[in-house]
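# Descriptive analysis of the structure
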Amino acid sequence: MQKEISKKKIVVKDLNLFYGEFHALKAINMDIYEGEVTALIGPSGCGKSTFLKTLNRMNDLVEHVRVTGSITLDGNEILSDVDVVALRKRVGMVFQKPNPFPMSIYDNVAYGPRIHGIKKKSQLDEIVEKSLRAAALWDEVSDRLSKSALGISGGQQQRLCIARTLATEPEVLLMDEPTSALDPISTSKIEELCETLKKNYTIVIVTHNMQQAGRISDRTAFFLLGELVEYDLTERIFHRPRNEKTERYITGRFG
């Protein structure tokens, strides 16, 4: 699974995040590598999703948030003066619950490209097909693109949301527990999709499912109480963790 030489896509240095007085992320240092799946694991409320949302400035939307430290994307700082819309185009996000827009399957995928100025139908047709194929959904919905996205199954809706994110051609894909609301078959399809997508995208995924992290990720980060306890190649984290807290969490003896 692991490449010999991996390029650092995102570099996080001494990242702290505060919700008002609450210190939610504490001095996080982490390198995220291009073309890999990085899993974030840890108990509920430990900072995984908060960390994920710092990577495309989604925390800007929360009141009384203060962030210090540095996050660079391809060497460029994203926490200071940056076009947040352009950043979120490069760093897309898929949420826990499928959240298709109440419009057609086609219009869901074409939504982002249209916002970014693409109006030509032939171009949109091409983007919609390419994105749905990349999300392994084209064969299932190609004959009903004009139908409501709310009429397809939950698993299909989640893959549609992935296609919608891919349509704006991001470089990084953030996934916040993308399979937690799905059945095992749909979960398996999303996991297979991650394996395919990492050839073209850098993926960071929050998961509560230990087996899932073990199956699909190249590296795993274990968060606890806002701290990054351990970060390493997934195989090492699961089989030879250096920190006793990591071992206790992974073996289910935690708490």
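Description of the structure in this document. Bear in mind that the values here come from a model prediction, so they are computed numbers and not experimental data.

Most of strand β7 (residues 172-176) is tucked away: five of the five residues are buried. The alternating pattern of β7 places V172, L174 and D176 and L173 and M175 on opposite faces, both of which are buried. Relative to β7, strand β6 (residues 91-94) runs parallel, the two sharing four bridges. Considered in β7, the bridge of V91 is made with V172. Across five bridges, β7 lies against strand β8 (residues 202-206) in parallel orientation. Looking at β8, one finds that M175 is bridged to I205. In this view, the connection linking β7 to its parallel neighbour β8 by way of helix α7 (residues 184-197) has right-handed handedness.

Attention now moves to the packing of aromatic side chains. According to the stated counting rule, one finds three aromatic pairs in the structure shown. Measuring from centroid to centroid gives 4.7 Å for F101 and Y111, while their planes differ by 55°, and the two rings are tilted. Of the two residues, F101 is situated in the loop between β6 and α3 (105-115) and Y111 in helix α3; the sequence distance between them amounts to 10 residues. On the basis of relative accessibility, which here comes to 38%, the residue Y111 falls in the partly exposed class. Measuring from ring centre to ring centre gives 5.0 Å for F222 and Y249, while their planes differ by 25°; the resulting arrangement is stacked. You can see F222 sitting in strand β9 (residues 219-224) and its partner Y249 sitting in helix α10 (residues 244-250), a full 27 residues away along the chain. On the accessibility criterion, F222 (0% relative accessible area) is buried.

Attention now goes to the sheet that holds strand β1 (residues 8-19). In space, the four strands of this open sheet follow the order β2-β1-β4-β5, with antiparallel pairing throughout. Where the open sheet ends on each side, the last strands, each with one partner, are β2 (22-33) and β5 (76-77). Bridging between β1 and β2 involves eight bridges; their strand directions are antiparallel. Counted as the bridge partner of Y19 is F22 from β2.

Tallying each qualifying case throughout the model produces 21 salt bridges. One salt bridge connects E129 with R133, and the closest N-O pair in it is separated by 2.9 Å. Here E129 pairs with R133, and both are found in helix α4 (residues 121-134), just four residues apart, close to one helical turn. Overall, E129 belongs to the partly exposed group, its relative accessible area being 30%. Note on R133: relative accessible area 47%, which makes it partly exposed.

Taking burial as the measure, the six residues of β9 include six buried ones, the bulk of the element. Here four bridges tie strand β3 (residues 37-41) to β9, and the two strands are oriented parallel to one another. When the bridges of β9 are listed, A39 appears paired with T220. Pairing of β9 with strand β10 (residues 227-233), which is carried by six bridges, proceeds in the antiparallel orientation. Within β10, the residue paired with A221 across the bridge is Y231.

Before going further, it helps to examine the sheet that holds β7. Two pairing modes exist for strands in a sheet, parallel and antiparallel, and in both the strands are linked by backbone hydrogen bonds. One open sheet accounts for six strands, arranged β6-β7-β8-β3-β9-β10; its pairing is mixed. Two strands close off the open sheet at either side, each with one partner strand: β6 and β10. Between one strand axis and the next, the sheet turns through 15° on average, direction left out of account. Most of the contacts of helix α6 (residues 154-166) go to β6, to which it runs at about 170°, and overall it touches β6 and β7.

Here α7 contains 14 residues, and its C-alpha end-to-end distance of 20 Å stays within 8% of the 20 Å for a straight helix at 1.5 Å per residue. Taken as a whole, α7 has its buried residues at S186, T187, I190, E191, L193, C194 and L197. Along the long axis of α7, the arc covered by the buried residues comes to 155°, so they all point the same way. Seen from the open side of α7, the exposed residues pointing more than 90 degrees away from its buried face are P184, I185 and E192.

About the cut-offs
Residues numbered from 1 in each chain as written. Predicted model: local features only at pLDDT ≥ 70, side-chain atom pairs only at ≥ 80, totals over all residues. Heavy atoms only, no water. Buried < 20%, exposed > 50% of the residue type's maximum accessible area, 1.4 Å probe, protein only. Helix = DSSP H or I, 4+ residues; strand = E, 2+ residues; numbered from the N terminus. Pairing = 2+ DSSP bridges. Right-handed = clockwise from strand over helix to strand, strands pointing away. Phe/Tyr/Trp six-rings, centres within 6.5 Å; stacked < 30°, edge-to-face > 60°. Salt bridge = Lys/Arg side-chain N within 4 Å of Asp/Glu carboxyl O. Axes fitted to C-alpha atoms, helices over the stretch in contact; angles between N-to-C directions. Contact = heavy atoms within 4.5 Å. Expected span 1.5 Å × (residues − 1). Arc of directions from axis to C-beta.

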